[in-house]
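A look at the structure
Here's the letter readout for the chains.
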Amino acid sequence: MNFKLKALVAGVALGFSMSGMAAEAIRIGVSGPFTGGSAPMGTSMRDGVRLAVAEINAKGGVLGRKIELVERDDEAKNERGVQIAQELINKEHVVATVGYINTGVALASQRFYQQAKIPVMNNVATGSIVTKQFEKEPQNFVFRNSANDSIQSEMIAREAVDNRKFKKVAILADSTNYGQLGRQDLEKALEKRGIKPVTEEKYNIGDVDMTAQLLKAKQAGAEVVLTYGIGPELAQIANGMEKIGWHVPIIGSWTLAMANFIDNAGKNGEGTRMPQTFIQDGDTPKRKAFIDAYIKNYNPQGGRMPSAVSAAQGYDSVYLLAAAIKQAGSTEGPKIAAALENLNDKLEGVVTTYNKPYSHTDHEAINFENTKFGEVRGGRVVLAK
């Protein structure tokens, strides 16, 4: 009898253990800047991610398990990103991480995911080399669903040179990895068109006076200013141009859509153009539902997302990961990565409908077809005409 009792207790204990394991949440990391100059991108991304997780969990989760987010503020600092990556992998035991707003933080941090064989989804960082850092390894665990700088720089060059026929261009780029790698991509896109910038000026994060750089560009006869930076400093460029009485168009990377550019530049930002994967316009039922849910849950000032692109790409990144986990039937990193490279089902996102977005050799979900031009009009980004 003792033997039978022991067996029964052991069986019940095992049953509890197995049911506990079955119900254990799937932990996904979220790493981005939730404070500082990059915060509009980071918080918008995080809030888009939260919306997607709430929807998925309301429908029963993935593989019968709820998704649990483990959020960390990387402050747009490379060294902080490195610490967080190690913490999420070794202490929090995430099965994947989404985020990375800043190219420099991505390049410094994602090697830990590669080593641990855990997928990382860059849903905002755009540096062209981000997904190529480990492309020569047998399996690459770095994916992206944002428009990389090769796409953006080509679009900027098309708009400035092909469409608007400017011959004299100035480039103003910040001193970060993002700014300088973007500048290099822009140089290549212009060089294909036989255009050499009349001046290329650098500035630092936190700079509040761009007069010296702008005067050089003006004196060199620039007909247009091409930018690679983030919102606060981009606003200083627009305001500095007004200050010296120099009125030429600004065309730059997608970050010109950030709320802290639009608000700080005010009327000086009107007409600015930038590539966008998503504009806050409910032109499909899916997009309208997403925008309505975002505004209802987070009540952004003036009903405008601080960074609509970041929110939308963050939202879609979770659905892409969830689809891969479901298809793999597993939370093991190599199996999730393999599923991402060969997703069977079409996935309607808010940026685009993803149909085989990745392959073994291509970890970029976004292309020219799902990127368009936005323009600042009346304090919002609208589709450029």
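Since we're looking at a predicted model, the values are computed, not measured. (Residues numbered from 1 in each chain as written. Predicted model: local features only at pLDDT ≥ 70, side-chain atom pairs only at ≥ 80, totals over all residues. Heavy atoms only, no water.)

Taking every second residue as pointing to the same face, the buried face of strand β7 (residues 199-203) carries Thr 199, Glu 201 and Tyr 203, while none of Glu 200 and Lys 202 on the other face is buried. Here strand β6 (residues 169-174) runs beside β7; their pairing, made up of five bridges, is parallel. Pairing of Ala 173 across the sheet is with Lys 202, part of β7. (Buried < 20%, exposed > 50% of the residue type's maximum accessible area, 1.4 Å probe, protein only. Helix = DSSP H or I, 4+ residues; strand = E, 2+ residues; numbered from the N terminus. Pairing = 2+ DSSP bridges.)

Let us look at helix α2 (residues 39-58). Taking 1.5 Å of rise per residue, the 20 residues of α2 would be expected to cover 28 Å, and the 28 Å separating its terminal C-alpha atoms lies within 8% of that figure. With respect to burial, α2 is a largely interior element, 16 of its 20 residues being buried. Of the residues flanking the end of α2, it is Gly 60, one or two places downstream, whose phi is positive at about 105 degrees. (Expected span 1.5 Å × (residues − 1).)

Let us look at the packing of helix α11 (residues 285-298) against helix α12 (residues 308-328). At a minimum axis distance of 12 Å, the contact between α11 and α12 shows a crossing angle of 110 degrees. Looking at the two axes, α11 sits roughly perpendicular to α12. Here α11 contributes Lys 286, Phe 290 and Tyr 294 to the contact with α12, which in turn contributes Ala 311, Ala 312 and Tyr 315. For the contact of α11 with α12, the class distribution of residues is five nonpolar, no polar and one charged. (Axes fitted to C-alpha atoms, helices over the stretch in contact; angles between N-to-C directions. Parallel < 35°, antiparallel > 145°, perpendicular 65-115°, else oblique. Contact = heavy atoms within 4.5 Å. Nonpolar A, V, L, I, M, F, W, Y, C, P; charged D, E, K, R; others polar.)

Attention shifts here to unusual backbone geometry. Of note in this structure, Leu 63 is not a glycine but carries a positive phi near 55 degrees. In this structure, Leu 63 sits in the loop between α2 and β2 (67-73).

Turning next to the UniProt feature "domain: Leucine-binding protein" (unreviewed entry) in the protein chain. Within this structure's numbering, the places UniProt gives as "domain: Leucine-binding protein" (unreviewed entry) are residues 26-353. Here residues 26-353 is 45% helix and 15% strand, with 25 Å between the C-alpha atoms at its ends. (UniProt positions renumbered as here; feature names shortened; annotations may be inferred.)

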